[in-house]
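For reference, the chains in residue letters:
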Amino acid sequence: PKTPSQLVFCLDHDIQNTSQANLDRYAAIQEFADHHGVDFYPAGRGIGHQVMVEELYAEPGSVCVASDSHSNMYGGVGCLGTPVVRTDAASIWGTGRTWWRV
C-alpha cells in the first residue's frame, strides 16, 4: 500500500512559465506532496532524473521506477532504472505492486 518514502516529486518541466495558473498548479502539487509525506523538489531545483541520482534515491544495487523516460540513465550508477507512465506510477503507489514480463 501507499508508502510515501517511495515517492519523489521533482518539478522540472515548464518552470519558465510564471503564469498564475502554472504557479497554482505547482502549489497544488506541493500541497499534495506535503499532505502525503512525499519528498518534494520545487521548480528550479534541477532535472528530475539527475536529482534522483544526486540525492541518492537511485543508488547502486537498487531498483528505481520513475515516470521519467530518462530513468534508464540510473544504470550509470548501478541502479536498475525503468520508466512507467504516470497512471502506472499512481497505481504502483496506490497498491504497492507492479509486474514486468521478462
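Up top is the structure.
Residues numbered from 1 in each chain as written. Predicted model: local features only at pLDDT ≥ 70, side-chain atom pairs only at ≥ 80, totals over all residues. Heavy atoms only, no water.

K.L.:
Just give me the short version of the overall build of the protein, but keep the residues and values in it.
P.N.:
Along the backbone of the protein there are three helices and four strands. Listed N to C, the secondary structure of the protein is β-α-β-α-β-β-α in terms of helices and strands. Against the 2.2 N^0.38 benchmark of 13 Å for 102 residues, the protein shows a C-alpha radius of gyration of 14 Å, consistent with a compact globule. Taken along its principal axes, the extent of the C-alpha atoms in the protein is 45 × 30 × 20 Å. (Helix = DSSP H or I, 4+ residues; strand = E, 2+ residues; numbered from the N terminus. Rg over C-alpha atoms; globule rule 2.2 N^0.38 Å.)

K.L.:
Go over the pattern of salt bridges with me, naming the residues and quoting the values.
P.N.:
A full pass over the atoms with the stated rule returns two salt bridges. With its nearest N and O atoms 3.3 Å apart, the salt bridge here joins Arg45 to Glu54. A salt bridge links Glu55 to Arg45, with the nearest nitrogen and oxygen atoms 2.5 Å apart. Of this pair, Glu55 sits in the loop between helix 2 (48-54) and strand 3 (63-66) while Arg45 sits in the loop between strand 2 (39-41) and helix 2; the two residues are ten residues apart in sequence, bridging distant segments of the chain. Judged by relative accessible area, Glu55 falls into the partly exposed class, the value being 35%. Given the relative accessible area of 30%, Arg45 is considered partly exposed. A single salt-bridge network, built from bridges that share partners, covers Arg45, Glu54 and Glu55. (Salt bridge = Lys/Arg side-chain N within 4 Å of Asp/Glu carboxyl O. Buried < 20%, exposed > 50% of the residue type's maximum accessible area, 1.4 Å probe, protein only.)

K.L.:
Help me get a handle on the side chain of Asn22, residues and values and all.
P.N.:
Here Asn22 shows up in helix 1 (residues 20-36). At a separation of 3.3 Å, a polar atom in the side chain of Asn22 contacts the main-chain carbonyl oxygen of Asp14. Sequence-distant contacts of Asn22, that is, excluding residues within four places in its chain, are made with Asp14 and Asn17. (Polar contact = N/O pair within 3.5 Å; in protein donor to acceptor, adjacent residues only side chain to side chain. Contact = heavy atoms within 4.5 Å.)

K.L.:
Can you explain the environment of Arg97? Please cite residues and give values.
P.N.:
Tracing the backbone through its elements, the reader meets Arg97 in the segment after helix 3 (86-95). The exposure class assigned to Arg97 is exposed, which follows from its relative accessible area of 66%. In the structure, Arg97 is positioned 62 residues away from His35 in sequence and 22 Å away in space, judged by C-alpha atoms.

Purely geometric numbers; function is a separate question.
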